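Observations on the three-dimensional arrangement
If you want the building blocks of each chain, they are given just below.
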Amino acid sequence: MYPRPALRLASAPALPVALVLALVLGGCGPGSGVHGKPGAASLRDPYFARIGNGGYDVQHYSLTLDYAPDTGRLNGTAEITARATHDLSAFNLDLDGLTVDSVTVDGEKAAFHHAGTELTLRPGDDLRRGATFRTVVRYSGVPRRIVDPDTSVEGWLRTGERAVGLGEPTGSMAWFPGNHHPSDKAAYDIRITVPEGVTAVSNGELRKERTADGRTSFDWHSAEPMASYVAMVAIGPYKTRQTEGTKGAVSIYTAVDPTVAKGSALLLKELPRIVKWQEKTFGPYPFSSAGVVIGRPGDSGYALETQNRPFLPGPTSVATLVHEMSHQWFGNSVTPKSWRDMWLSEGFAEYTEWLWTEHTERVPVRQSFVDAYDADANWTFPPAHPPSAVNISDPPVYGRGAMVLQRVRETVGDATFFRIVRGWARTYRHGNADTHDFTTYVERESGRDLGDLWDTWLYGEEKPSLE
Ligand code: TRP
Ligand code: ZN
C-alpha cells in the first residue's frame, strides 16, 4: 500500500509538512470568530504523566468495534460527544497503537497527528467554551497488549480465538481513542461485531443482538458514567445467562467460558447473594445491571472490577468476586480522582473481604486487621502516597488502606462508621473523589478531628505501635 502520511489535512493534502504542523498545533481557525487555544495534552496525573487530556469533558462514547478473531484485526469507529471547557483550537485523545484512518469534528474533516499515545485533532473551526461537539475517529489495526510500570498486562489480550479488552490503569487506549483518565467519566454504547457463533460481552445492558451475513452484533449500553479503565469487551465462546431485574433485585448477566463451567458454578450461585449483602452494607447497587465474566486462567493474570460485571481469569475464590463486586460502589461509582487515590478503591475492596469473612466464616474483622498489621509487605509506604507508578497495586494500597478504615471504625463506633460508608457511596455516587474529600467527609460526618489518625495510618512512613 502507498505509505500513509502521518499527518493529513483533508482539505489540502499537498500542504508542506511544516505548514501543516503549524496549522495542527497552533494558531486559530479561520472563520469561527472564536480564538481558542489547544487543550492540554495531559491531565498531569501524579503517576502517569501522559494520560488524559484537557480542554473538554467527554459525555458519551459510542464505539463500533468489528473484530476478526482469526487475524486479531479490529476495525473501529469511536464517536465521542464532549463539551469544550475552554475555547479550543485543537485537542488531544489518547490512543496507543492502531492506525487512524479519518477524523471528523461536527461532521467536518479535521486535521490530525498521531504520535506515541497522543492523537492531536484540529477542527476546521475553533470550538467555543461550553459547546458540545462530536468527534468521529475511524481506526483499525491489531490492538496491542500493554505492560504497565507495575508489570500488569492489559490493553487487548488475545489468546487464540478469544480476546479481552481491559484497561487498568492505562490499557483502554489500546482499543479505543478517548480521554483515558479516571477523572473523565462518560456514558457508553459499545457495539461489537464478531463471527456468528462467537459471543461478545461488555459493560452495561445488552440492548440488541442480531445476525446477518454470518456476523453477529452485540449492542451494549451503559447509561451510568464509567471511567475508561473499567471498560471491557470479552470475545469468545461464552455461555451466557441473564436474569431479569425485579423490584428487589438487579438484573444479572453472566458469561462463562465453557472450559471452566464446572468450577464457576459456585461463583454464579453466590453472586446474587453477594450483591444483596453489599446493598445492605453499602446502600443501593449503583448501576442498572450486574454480572460477571469468567474467562480462562491464561486470559489475564488478575481479576478486574470492570463496570457492571468483573472479569475473572477463570474461577477465583468467592472472596475475589466479593472484592471485585465491592468496587462497583468503591472505584466504579465513587472513582478515584487520580491514580494516587487508588487506596480509596482497593482499601474499601480489601475491607469488604474482611467484612465478608466475618459474615460467612465468623473471622472477626479485628483479626483480619491484625493479620494485615503483622504483614511486613503492608508497611513499605503509606497508602495515600505510593512512591511511584510501579507501586500503585502494591500491598499497602490494599492492606494499609483497609487498616485506615478499621481505625476509623474503632474510633467513631460501628453505627457512625457504617453511616459514613453508606453516606460516602451516596454523596460521591457516579463521581470522583480524592483522599482529601474522604478525610473531610469523615471528619464532618463524625464531628471529630481525626488528624492524628490520618497522619499515622494514611500518610505516615513509620509503622505505628498498636496500643
Ligand atoms: N484492581 C484490580 C483488583 O484489585 C487489580 C488490578 C488489576 C490492578 N490490574 C491492575 C491494580 C493494574 C492496579 C493496576 O481488583
Ligand atoms: Zn481491587
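Conventions we followed
Residues numbered from 1 in each chain as written. Chains lettered and ligands numbered in written order. Predicted model: local features only at pLDDT ≥ 70, side-chain atom pairs only at ≥ 80, totals over all residues. Heavy atoms only, no water. Helix = DSSP H or I, 4+ residues; strand = E, 2+ residues; numbered from the N terminus. 1 Å grid on protein atoms, 1.4 Å probe; cavity = no way out; pocket = protein on both sides within 12 Å on 5 of 7 lines; lining within 4 Å. Points joined across faces, edges and corners; volume = space filled by probe spheres on them. Nonpolar A, V, L, I, M, F, W, Y, C, P; charged D, E, K, R; others polar. Domains from an automatic or database assignment. Near = heavy atom within 4 Å. Polar contact = N/O pair within 3.5 Å; in protein donor to acceptor, adjacent residues only side chain to side chain. Areas by Shrake-Rupley, 256 points an atom, 1.4 Å probe, with all protein chains shown as cover. Sits in = over half its atoms within 2 Å of the grid points. Donors = N, O, S within 2.8 Å, 3.2 Å for Na, K, Ca; no water. Phe/Tyr/Trp six-rings, centres within 6.5 Å; stacked < 30°, edge-to-face > 60°. Buried < 20%, exposed > 50% of the residue type's maximum accessible area, 1.4 Å probe, protein only. Expected span 1.5 Å × (residues − 1). Contact = heavy atoms within 4.5 Å.

This part is about unusual backbone geometry. With an omega of -5 degrees, the peptide bond between Glu168 and Pro169 qualifies as cis. Checked against the element boundaries, Pro169 lands in the loop between strand E12 (162-166) and strand E13 (186-195). Positive phi, close to 55 degrees, is recorded for Arg44, a residue that is not glycine. Relative to the assigned elements, Arg44 resides in the loop between helix H1 (17-25) and strand E2 (56-68). Unlike most non-glycine residues, Asn308 shows phi in positive territory, near 70 degrees.

Within this model, the largest pocket holds a volume of roughly 280 Å³. Surrounding the largest pocket, 18 residues form its lining, Glu168, Tyr302, Ala303, Ser393 and Tyr398 being those nearest its centre. The residue inventory of the lining of the largest pocket, partitioned by class, reads 8 nonpolar, 5 polar and 5 charged. Counting only domains with at least three residues in the lining of the largest pocket, you end up with domain 1 (8-237) and domain 2 (335-458).

Glu168, Glu305, Glu324, Glu346 and Tyr398 are the nearest of the 15 residues found near ligand 1. At 3.2 Å, a side-chain N or O of His323 approaches an oxygen atom of ligand 1. Taking Glu346, its side chain carries an N or O atom lying 2.9 Å from a nitrogen atom of ligand 1. A total of 360 Å² of accessible area belongs to ligand 1 in isolation, and the protein chains cover 93% of it. Judged by the proximity of its atoms to the pocket grid, ligand 1 belongs to the largest pocket. Considering only residue class, the shell around ligand 1 consists of 6 nonpolar, 4 polar and 5 charged. Looking at which domains feed residues into the shell around ligand 1, each of domain 1 (8-237) and domain 2 (335-458) gives three or more.

This part takes up the coordination of the zinc ion (ligand 2). Only His323 (NE2), His327 (NE2) and Glu346 (OE) from the protein reach the zinc ion (ligand 2) as donors, at distances of 1.9 to 2.0 Å. Read N to C, the donor residues that coordinate the zinc ion (ligand 2) are spaced as H-x3-H-x18-E.

What follows is about the environment of Ala375. Its place among the elements puts Ala375 in the loop between helix H5 (365-374) and helix H6 (395-412). Expressed as a C-alpha distance, the spacing of Ala375 and Pro396, which sit 21 residues apart in the sequence, is 9.9 Å.

The next subject is the packing of aromatic side chains. Counted by the stated rule, this structure contains 30 aromatic pairs. Seen in terms of ring centroids, Phe330 and Phe348 are 4.2 Å apart; in terms of plane orientation they differ by 10 degrees. Their pairing is stacked. Residue Phe330 is found in the loop between helix H3 (318-326) and strand E22 (334-336), and its partner Phe348 is found in helix H4 (residues 343-361); the two are separated by 18 residues along the sequence. The pair Phe330 / Phe348 is uniform in exposure class, with both members buried.

What follows covers empty space enclosed by the protein. For the structure shown, the criterion picks out 3 cavities of 30 Å³ or more. Here the largest cavity is characterised by a volume of approximately 50 Å³. Looking at the largest cavity, the residues that line it are Thr281, Phe282, Phe348, Tyr351, Thr352, Leu355, Phe417, Phe418 and Val421. Secondary-structure elements contributing two or more residues to the lining of the largest cavity are helix H2 (261-282), H4 and helix H7 (414-427). Of the residues forming the lining of the largest cavity, the biggest block, 4 residues, is contributed by H4.

Here H7 contains 14 residues, and its C-alpha end-to-end distance of 19 Å stays within 8% of the 20 Å for a straight helix at 1.5 Å per residue. Among the residues making up H7, those that are buried are Thr416, Phe417, Phe418, Ile420, Val421, Gly423, Trp424 and Ala425. The secondary structure elements touched by the buried residues of H7 are H2, E22, H4, H6, strand E23 (431-433) and helix H8 (435-446).

Keep in mind these numbers describe shape, not what the thing actually does.
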